[in-house]
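# Per-entry structural report
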Amino acid sequence: MSTLRTLATSTSSRLPSLSRLTEKATACPVMGPALAFRSSQIAHSTRNYASVAPNHHQDTFSIPHQGVCPHAKAGQEAASKAEALAQLVQSNRAVKPIKPSYDYEAFYDAELDKKHKDKSYRYFNNINRLAAKFPVAHTSNFKDEVDVWCSNDYLGMSKNPVVLDTMHRTLNKYGAGAGGTRNIAGNGATHLALEEELASLHRKTGALVFSSCYVANDATLSTLGSKLPGCVIFSDNMNHASMIQGIRNSRAPKVIFKHNDMKDLEAKLKQYPKETPKIIAFESVYSMCGSIGPIAEICDLAEEYGAITFLDEVHAVGMYGPRGAGVAEHLDFEAHLRAGQSGEPIKGTVMDRVDIITGTLGKAYGIVGGYIAGSSNLVDMVRSYAPGFIFTTSLPPAIAAGAQASIAYQKRYMGDRRLQHLNTRELKRQLEAIDIPVVPGPSHIVPVLVGDAALAKAASDSLLTDHGIYVQSINYPTVAVGEERLRITPTPGHTTEQLTHLLGAVDEVFTRLGIRRKSDWAQLGGRAGVGIADESVQPMWTDEQLGLQDNTAPVTLSKGAKSVVDVKASKQAQDLIDKLLGNSVRSNAHLGQISTGLFNPTAVHVPKAVVTAA
């Protein structure tokens, strides 16, 4: 009340004939129009009144000594107030100058310019892999075919006839989409069967499928980190962006330890009480450098300091182990080989000691999607709390069924991953022979160091346009500045002729562009492990595991030979799928006649199949 009284009794500085209260009221969306209407009434009446008042007979009114009629004076004051009120209302109605809005397009342009200037702008090549010819693809021109040497379809499973046949049948039976989230109409038999297959693969009691492993990592780490009371997350400094984002979204304290450095990790674990919840997040195969994490040693530290382990096997599933379960399985190769297809855990093995395993369906398995595997309680908790799972449309049934077929096939046939690793060995050996700087590592990744963003891009462009070879350059922020590289990934489908072509092209491009060779890096003291005296690294797959000692190793394709598809593994995978889809329309006895035309039972070279125990 005191504020209103003050406003009503004080004069406007702009228009002295009005009170401050009236001035404020004119700006009100309700009172403003009312005052405008009232001012027009006052102006009209006071004009009449003021015009009449001076004509009053002087005998009727006594005139003040100033000589002004009081009625005329009142009329003039009212008119003055009406005019002032009208002016104020009009000024409030006047169009105010419009301030220029934020220039969003200029901001976008400036941010992109930064990328161009530091040579980290990403160019996406138009590459269309051909199912019948992979690793051959065509560019934007259908007739322009190139050899693909950087695909994450490590085993060529995206063209496997069992996978394609399964997906066609599922598509025809269940349609294209899932129809909703897992909670609303998107939870079908194909999803449940896939999760059961994944749990069995890793010998865990539960598994959960996501739209991608980026989402799986983000959702799981953010959920666990936010729910575990006082949780601290320990992260390898070379972890993938999906894990970094999940840790950030959890808002839990994070501790970063040096890459694969167990002394540094232990020193940091010691700083926290054992009863404090902790997660150690790391990878098995680090995809840009090809290094492999010390899984067993990290499990030792986790058990000693009261932590749980979160292992990303994205670049390892399908590629390592007798059944393709990843590096954790590979570390106990013989034990898992003897156990066959049982999904029961093998106590004391490294894979059993890992608490949470994440993987992808989009690399070695050739489809799309991601997952986690662990205890049934862990999986159920993430299923119940993770927004990245709850509020996302589930994978289409054809994708889920195709992924299960791919996993089931690779669980029963080692030939593809054996040949991939043999091809990797040969490529590394021949690159070494011509002084090409390969970042040393025990995995299937072949990173070729360039050391300059512009040169890496130029080398990639030249390989594509001048030699018909697609190898993507990898620049900052994916790798450190000064460690830019070409990332090469052989497949079982690459032939000796394609390998020879690649080696000649890389040699020519390095010479023409003046890119440093391995010997040059050695003279500079080395970089990224290249040119260092003790850089020798033993491959993950031993000669025995590859079949080199008993002459069961597959042989690199050549002279038009097509990729081998194992009949026994195909039939076993199809038998599983038939339980979901019903008996296939084609006869298993004539598996080679699958309509896709990709199956080749009479290949030039048919290596002896290496099949795990049934």
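As annotated in an unreviewed UniProt entry, the protein chain carries the name 5-aminolevulinate synthase and comes from Clathrus columnatus. UniProt, in its Subcellular location (unreviewed entry) section for the protein chain, records the words "Mitochondrion matrix".

Spatially, the seven strands line up as an open sheet ordered β4-β10-β9-β8-β7-β5-β6, and their pairing is mixed. Because the sheet does not close on itself, it has two edges, and the strands there are β4 (206–210) and β6 (254–257). With strand direction ignored, the average angle separating the axes of adjacent strands in the sheet is 20 degrees. Alignment of strand β5 (residues 232–236) against strand β7 (residues 278–283), held across four bridges, turns out to be parallel. Its bridge partner being in β7, Ile 233 is matched across the sheet by Ile 279.

Glancing now at helix α9 (residues 241–250). Turning to α9, its buried residues number three or more, namely Ser 242, Met 243, Gly 246, Ile 247 and Ser 250. Angularly, the buried residues of α9 cover 135 degrees about the axis, an arc narrow enough to put them on a single face.

Turning our eyes to something else, we now look at unusual backbone geometry. Backbone geometry follows two general trends: most residues other than glycine have a negative phi, and most peptide bonds adopt the trans configuration. In the segment running from Phe 134 into Pro 135, the intervening peptide bond is cis, with an omega of 20 degrees. Among the structural elements, Pro 135 can be located in the loop between β1 (128–129) and β2 (136–138). In this structure, Pro 477 follows Tyr 476 across a cis peptide bond, with omega equal to 10 degrees. By the secondary structure assignment, Pro 477 is in the loop between β13 (473–474) and β14 (485–488). A positive phi angle, close to 65 degrees, is found at Lys 119, a residue other than glycine. Relative to the assigned elements, Lys 119 resides in the loop between α5 (104–117) and β1. Its identity is not glycine, yet Asn 260 carries a phi of approximately 55 degrees, on the positive side. Along the chain, Asn 260 falls in the loop between β6 and α10 (262–269).

Summed over the entire model, instances satisfying the criterion amount to 23 salt bridges. The partner of Arg 353 in a salt bridge is Glu 303, with the nearest N and O atoms 3.0 Å apart. With Arg 353 in helix α14 (residues 350–353) and Glu 303 in helix α11 (residues 295–305), the pair connects residues that are 50 residues apart, well separated along the chain. Linked by salt bridges that have partners in common, Asp 165, Arg 169 and Asp 578 make up one network.

The rules behind each value
Position numbers for residues count from 1 along each chain, tracking the sequence in the order it is written. At least 70 in pLDDT is required for a residue's local features to be given in this predicted model, at least 80 for side-chain atom pairs to be given and counted, and no such filter applies to totals for whole chains, interfaces and linings, which use all residues. Only hydrogens and water are removed before side-chain values are computed, so all heavy atoms of the structure are retained for them. UniProt positions are given in the numbering used here, feature names are shortened, and annotations may be inferred rather than shown by experiment. Any two strands with at least two DSSP-identified bridges between them are counted as paired. Secondary structure is summarised from DSSP: a helix means a run of H or I of at least four residues, a strand means a run of E of at least two, and numbering begins at the N terminus for each. Note on definitions: angles span 0 to 180 degrees between N-to-C directions of axes, and those axes are lines fitted to C-alpha atoms, for helices only across the stretch in contact. Burial classes follow relative accessibility: with a 1.4 Å probe on protein chains only, a residue under 20% of its type's maximum area counts as buried, one over 50% as exposed, and anything between as partly exposed. It is the directions from the helix axis to the C-beta atoms that the arc portrays. Note on definitions: salt bridges are taken to be side-chain nitrogens of Lys or Arg within 4 Å of carboxyl oxygens of Asp or Glu.

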